[in-house]
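Chains, contacts and geometry: an overview
So you can see what is in the structure, the chains are spelled out below.
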Amino acid sequence: MLLILHPDTRKDSDAYRNTLGFLENLPGISIRLHEVTGQQQTLTEVYLLGDTKALDASEITALPAVERVIRISDDYRILGRHKDDQRQSGFTYNGVHFGQDNLNVFAGLCAVDNPRNVEATLKLLQENGQICTRMGAYKPRTNPYSFQGHGKDCLPWVFELAGKYGIKVIAMEVTHENHIEEIDQALEQTGRPTGVMLQVGTRNTQNFELLKAIGRQQTYPALLKRGFGITLNESLNAAEYMASEGNANVVFCLRGMKTEAGNPHRNMVDFAHIPVVKRLTRMPVCVDPSHSVGLRDRAPDGISDIVHATAQGVIAGANMVLVDFHPEPEKALVDGPQALLPGELPAFLEDIRLCHELYLKRQTLYRS
Ligand code: PEP
Ligand code: MN
C-alpha cells in the first residue's frame, strides 16, 4: 500500500508525527519513506510493506498527514503504474525534462577518443540545436584487449567542452560505483559546466550493487539499459532497485535482445515494447537504434536500418533516442560501423521531429 502525504508536510509537524506513529504500530507492517522533490513542492510517499490486505484504507486515508492511499501490486512499487495511481511520470534534470510524453535526442560518441573528435561532435550538435549527447569514458568490452575507454582522465576536458557547446546532459556509462564519485569530482572541479545521466549498460543490468549505489545518490538521474538476455520483468525490476534505494529518476532503454534470430542485425530490435514499458511503469522510454541494429546498411529506399529503426521507435512513442555518432567513423575506436555520419545528422534529427509529431497526431486520433 502506498500513502501520499499532503504536499510539503513538515517532519516536525503534529500531523506527521501522529501519522507515522500510527503506521509504525501496525502489526506485521514495515514502512519505507520516499521523497519526491519536484520543482513546485516536495512529496513524501510512504510505502507499507507486509500483509496490507487486511488494512482499512479509509482509516488510513483519515490520518492527518495522508492525502491519498493507493493499493499497489508487488511489482515495481515505486516506478510502476498502479490502479487509481495518478502520480506524475518523469523528472527534470539540469533544465531538461524527461517524461513519457516528450522526446530528447542523445547523439554522440560511443567512446571518447580525443579532444578533436569530441569538439567536432559537440560543435555539430550545437549547430543542430542539440543540448544532450552521449560520451563513453568507461567502456565494458567483450575482448579484454580492446580499448577500454579513457576513464576518469578524459572527464575534465569532456565536461568543459560540453559546457562550451551548451550541452546540458551527457549520457555516460558507469561500470563500477567508483565511477559515480569520479564523475562527481570532475564535474565539481570544472564548475559543473554540464550534467550527467548515469548509464547502466546491458551487461550490468543485474549488477545489483551498482544499481543500489546509483540508487543511493539523487544528484544524477539514470539510464538503465534492458538486459540483452533476460526477461522484460527482470529488467524492470532492475530499474526498481534504483528507485527502492531512493532514486526514481530513471529512464528505461530498449537496446535489442541477443539472439541469432536477429541476424543480420547485431540484436533483435525490441522497440515494440515501448508501449508495454509505458503502461507497466511511469518511466520515460529510450531507444538505442545503434546497439540494437549495429550496422549502417541501407535498404533500396536509401534509408539505413538504424534510421528506420529510430523512426519506428519514435512513431511508437519513444521519449529518448540514444545514438552513436562519429565525425570520422572509420577512425572510431569503438563501434565505428554503426555510427551516424556527420552528413546524416540534420536529416536524422528532422526525421525524428516528423515522427514525433506524427506520434502525437496518432495519439489524438485514437483518443478521440
Ligand atoms: C553503449 O551504449 O555504449 C553500450 C555499450 O550499450 P549496451 O550496454 O546496450 O551494449
Ligand atoms: Mn557502442
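Refer to the structure above for everything that follows.
First, a word on what this report is: a plain description of the structure on this page.

How each quantity is defined
Residues numbered from 1 in each chain as written. Chains lettered and ligands numbered in written order. Predicted model: local features only at pLDDT ≥ 70, side-chain atom pairs only at ≥ 80, totals over all residues. Heavy atoms only, no water. Core = buried A, V, L, I, M, F, W, Y, C linked by side-chain atoms within 4.5 Å. Buried < 20%, exposed > 50% of the residue type's maximum accessible area, 1.4 Å probe, protein only. Helix = DSSP H or I, 4+ residues; strand = E, 2+ residues; numbered from the N terminus. Domains from an automatic or database assignment. Contact = heavy atoms within 4.5 Å. Donors = N, O, S within 2.8 Å, 3.2 Å for Na, K, Ca; no water. Near = heavy atom within 4 Å. Polar contact = N/O pair within 3.5 Å; in protein donor to acceptor, adjacent residues only side chain to side chain. Areas by Shrake-Rupley, 256 points an atom, 1.4 Å probe, with all protein chains shown as cover. Nonpolar A, V, L, I, M, F, W, Y, C, P; charged D, E, K, R; others polar. Pairing = 2+ DSSP bridges. Axes fitted to C-alpha atoms, helices over the stretch in contact; angles between N-to-C directions. 1 Å grid on protein atoms, 1.4 Å probe; cavity = no way out; pocket = protein on both sides within 12 Å on 5 of 7 lines; lining within 4 Å. Points joined across faces, edges and corners; volume = space filled by probe spheres on them.

Next up on the list: the nonpolar core. Nonpolar side chains in soluble globular proteins tend to end up buried together. Within the largest apolar cluster, 94 residues are counted, with the highest numbers of intra-cluster contacts made by Phe98, Phe159 and Ile183. Of all the elements, helix H7 (residues 232-244) adds the most residues to this core, at six residues. The two domains that each donate at least three residues to this core are domain 1 (2-71) and domain 2 (92-367). Ignoring anything within four residues of it in the chain, the contact list for Phe98 reads Gly90, Phe91, Tyr93, Asn104, Phe106, Val169, Met197, Val251, Pro284 and Met320.

On to the coordination of the manganese ion (ligand 2), then. Cys110 (SG), His291 (NE2) and Asp335 (OD) make up the full set of protein donors to the manganese ion (ligand 2), lying at 1.9 to 2.2 Å. Counting along the primary sequence, the residues that act as donors to the manganese ion (ligand 2) give the motif C-x180-H-x43-D. With a gap of 225 residues between them, Cys110 in the loop between strand S7 (104-108) and helix H3 (115-127) and Asp335 in the loop between strand S14 (320-324) and helix H11 (345-367) connect regions that are remote in the sequence.

A separate point is the site of ligand 1. By nearness alone, every residue bordering ligand 1 is listed as Cys110, Arg134, Lys139, Glu173, Gln199, Gly201, Thr202, Arg203, Lys225, Arg255, Asp288 and His291. Interatomic distance of 2.7 Å between a side-chain N/O atom of Arg134 and an oxygen atom of ligand 1. Within the side chain of His291, an N or O atom sits 3.5 Å from an oxygen atom of ligand 1. Within the complex, the protein chains bury 97% of what would otherwise be the 300 Å² of accessible surface of ligand 1. Here the residues of the shell around ligand 1 are counted per class, giving one nonpolar, four polar and seven charged.

Reading across from one edge, S7-S14-S13-S12-S11-S10-S9-S8 is the order of the eight strands in this open sheet, with parallel pairing throughout. Because the sheet does not close on itself, it has two edges, and the strands there are S7 and strand S8 (132-134). Taking each pair of neighbouring strands and ignoring which way they run, the sheet shows an average axis angle of 25°. In this structure, strand S11 (residues 222-225) lies alongside strand S12 (residues 250-254), joined through four bridges in parallel fashion. When the sheet's bridge partners are listed, Leu223 is paired in S12 with Val251.

Within the secondary structure, Ser235 is located in helix H7. With residues up to four places along the chain from it excluded, the contact list for Ser235 reads Thr205, Leu224, Arg226, Gly227, Ile230 and Phe252.

Attention shifts here to the layout of surface pockets. Roughly 1000 Å³ of volume is contained in the largest pocket. As for the largest pocket, its lining consists of 35 residues, of which Val36, Thr37, Gly38, Gly90 and Phe91 are closest to the centre. Looking at the lining of the largest pocket, the elements with two or more residues in it are strand S2 (29-37), strand S3 (42-50), strand S4 (66-70) and strand S5 (91-93). A per-element tally of the lining of the largest pocket places S2 first, with four residues. For the lining of the largest pocket, the per-class residue count stands at 12 nonpolar, 17 polar and six charged. For the lining of the largest pocket, the domains that each give at least three residues are domain 1 (2-71) and domain 2 (92-367).

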